[in-house]
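# Structural features, examined
What follows is each chain in one-letter form.
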Amino acid sequence: MAKSGGLLCVSSTSTIAIEDIAKTSSAPKWFQMYLDTDKGLSREILQRARAAGFTAIVLTVDSIGQSTSDEYARLGKPRPWLPYGNFPGHRARSFKTGLSWADFDMVLQVTGLPVVVKGLTRAEDVGAAVKAGAAAIQVSNHGWRSLDGTPAAVTVLPKIVDTTQGAVPLIFDSGIRRGTDVAKVLTLGANAVAVGRPLWWSLTLGGAGGISALMDYFQRELVDTMLHLGVEKIASFGRDQVILLNRHSADGY
């Protein structure tokens with residue numbers, strides 16, 4: 001990631017301890033936190049993230065229970081078989097489900113770091129997060145792998161852009177597979193794009209070289225897309241350059 005100029009976001013559910021990841025990566029790093037029902041443990045992990053050099057906390061507010069999606073079931077519900085590298089004994093954890101803005105305040109107070117709220121798809125929730133002091137919003141439906149029937153994240157993005165009116169940066173994830181996808185969400189108003197599964201696939205097939213090749217591919221196709229659209233710089237992207245089909249489906253979100 002450092003070679004490509006990307007930013008690495010490490011989950012609290014990573015299979016390797018955050019300190020070990022931090023030692024091996026020179027890329028800028030953010031920490032994605034799933035709060036535990038044990039408040040003391042959550043505080044400890046947040047403090048560890050700050051001490052390890054992570055510069056922002058991404059607070060996950062969606063997908064805080066076991067997935068019920070058909071795809072997750074088809075895969076054999078793999079998560080329980082994997083270790084939790086940041087938790088005592090690497091055992092499965094009990095993540096907090098009754099989240100409130102008091103939890104957001106706790107993360108701010110414990111770390112003193114900017115807090116990104118991840119997993120929002122409703123404009124009213126985004127407005128509340130901005131009011132609470134979120135440094136950024138990550139628009140996401142968790143890759144559509146947690147609950148079948150949720151709206152595609154891209155369909156709710158325009159309304160969220162209209163709600164925030166540039167008050168905070170908007171990061172977008174879910175369904176990003178290539179450079180043209182990056183271009184599409186940038187035209188709709190996202191400020192940055194997060195990539196998940198393609199990185200895992202590339203890492204599995206090619207190790208660090210696979211990651212570099214993937215990032216080069218994203219960069220190259222984004223530049224080619226801008227060339228064909230006649231866009232000189234990313235700031236010149238606009239909604240008139242993309243047609244979002246069935247946008248009305250997002251009106252209730």
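Residues numbered from 1 in each chain as written. Predicted model: local features only at pLDDT ≥ 70, side-chain atom pairs only at ≥ 80, totals over all residues. Heavy atoms only, no water.

## Describing the overall build of the protein
Cut-off, in case you're wondering: Helix and strand definitions here come from DSSP, where helices need a minimum of 4 consecutive H or I residues and strands a minimum of 2 consecutive E residues; each element is numbered from the N-terminal end. Exposure classes here rest on a 1.4 Å probe applied to the protein chains alone. A residue is buried below 20% of its type maximum, exposed above 50%, and partly exposed in between. Where accessible areas are quoted, they stem from the Shrake-Rupley method and a 1.4 Å probe; at the residue level, only the protein chains shown are allowed to cover.
If you tally the helices and strands in the protein, you get eight helices and seven strands. The 253 residues of the protein split such that 44% are buried. Split by element, the accessible area of the protein, about 13100 Å² in all, is 56% carbon and sulfur.

## Topic: the packing of aromatic side chains
Inclusion rule: A pair of Phe, Tyr and Trp rings is counted when the ring centres sit within 6.5 Å of each other, with Trp represented by its six-membered ring. The angle between the planes then sorts it: under 30 degrees is stacked, over 60 is edge-to-face, the rest tilted.
In the structure shown here, the tally under the stated rule is seven aromatic pairs. A centroid spacing of 6.0 Å and a plane angle of 80° characterise the contact between Tyr84 and Phe87, whose relative ring orientation is edge-to-face. Neither residue differs from the other here; Tyr84 and Phe87 are each classed as buried. Taking 6.0 Å as the distance between ring centres and 75° as the angle between the ring planes, the aromatic pair formed by Tyr217 and Phe218 counts as edge-to-face. Classification of Tyr217 as partly exposed rests on a relative accessible area of 28%.

## Details of the pattern of salt bridges
The line we're drawing: In the sections that follow, a salt bridge refers to a side-chain nitrogen of Lys or Arg positioned within 4 Å of a carboxyl oxygen of Asp or Glu.
Applying the stated rule across the entire model yields eight salt bridges. Between Lys96 and Asp103 there is a salt bridge; the shortest N-O distance is 2.7 Å. Classification of Asp103 by relative accessible area gives buried; the value is 7%. A salt bridge links Arg122 to Asp125, with the shortest nitrogen-to-oxygen separation between them at 3.8 Å. According to the relative accessible area criterion, Asp125 is partly exposed, its value standing at 31%. Through salt bridges with shared partners, a single ionic network connects Arg122, Glu124 and Asp125.

## Section: the sheet that holds strand 3 (residues 57–60)
Applicable threshold: Between any two strands, pairing holds if DSSP finds at least two bridges.
Spatial ordering of the open sheet is given by 1-2-3-4-5-6-7, a layout of seven strands whose pairing is parallel. The two strands at the open ends of the sheet, each matched to only one other strand, are strand 1 (8–11) and strand 7 (192–193). When strand 5 (residues 136–139) meets strand 6 (residues 170–172), the two strands line up parallel, connected through three bridges. Pairing of Ile137 across the sheet is with Leu170, part of strand 6.

## Considering the nonpolar core
Quick note on the threshold: We define a nonpolar core as any set of buried Ala, Val, Leu, Ile, Met, Phe, Trp, Tyr and Cys residues linked to one another through side-chain atoms lying within 4.5 Å. Whether two residues are in contact is decided by their heavy atoms, any of which lying within 4.5 Å being enough.
Residues Phe31, Ile57, Val107, Ile137, Leu157 and Phe172 are the most contacted members of the largest nonpolar core, which totals 54 residues. Apart from residues no more than four positions distant in its own chain, Ile57 is found in contact with Phe31, Met33, Leu46, Ala49, Val107, Thr111, Leu113, Pro114, Val115 and Val116.

## Digging into helix 4 (residues 101–111)
Residue pairs spaced three or four apart in an α-helix point in one direction, given the helix's 3.6 residues per turn. Operational definition: This arc describes the spread of directions from the helix axis toward the C-beta atoms.
The complete set of buried residues in helix 4 reads Asp103, Phe104, Met106, Val107, Val110 and Thr111. End-on view of helix 4: buried residues confined to an arc of 160°, all on one side of the axis. Of the exposed residues in helix 4, those oriented more than 90 degrees away from the buried face are Ala102 and Gln109. Residue Gly112 follows helix 4 closely and has a positive phi angle near 70°.

## Focus: the environment of Gln241
This is how the line gets drawn: Think of a polar contact as two N or O atoms within 3.5 Å of one another; within protein, one of them needs to be a possible hydrogen donor and the other a possible acceptor, and neighboring residues in sequence only count if both atoms come from side chains.
Mapped onto the elements, Gln241 comes out in the segment after helix 8 (197–229). For Gln241, a relative accessible area of 27% corresponds to the partly exposed category. Counting along the chain gives 10 residues from Gln241 to Val231, while the straight-line C-alpha distance between them is 9.7 Å. Apart from residues no more than four positions distant in its own chain, Gln241 is found in contact with Thr187, Leu229, Val231 and Ser236. A polar atom in the side chain of Gln241 sits 2.7 Å from the backbone nitrogen of Gly238.

## Quick word on the pairing of strand 4 (residues 115–120)
As a reminder of what qualifies: When the strands point away from the viewer, a crossover counts as right-handed if the route from the first strand across the helix to the second turns clockwise.
Counting buried positions along strand 4 gives six out of six residues, so the element sits mostly inside the fold. Relative to strand 4, strand 3 is paired through four bridges, and the arrangement is parallel. Paired with Thr60 across the two strands is Lys118, which belongs to strand 4. Both strand 4 and strand 5 contribute to a ladder of four bridges, which runs parallel. Looking at strand 5, one finds that Val116 is bridged to Ala136. In this view, the connection linking strand 4 to its parallel neighbour strand 5 by way of helix 5 (residues 123–132) has right-handed handedness.

## Some thoughts on the confidence of the model for the protein
We count it as follows: Confidence of the prediction at every residue is given by pLDDT, a number between 0 and 100.
Chain-level statistics for the protein give a pLDDT mean of 87 and a share of 85% at 70 or above. Every residue in residues 247–253 scores below 50 in pLDDT, and together they form 15 contacts with partners more than four places removed in sequence or on other chains.

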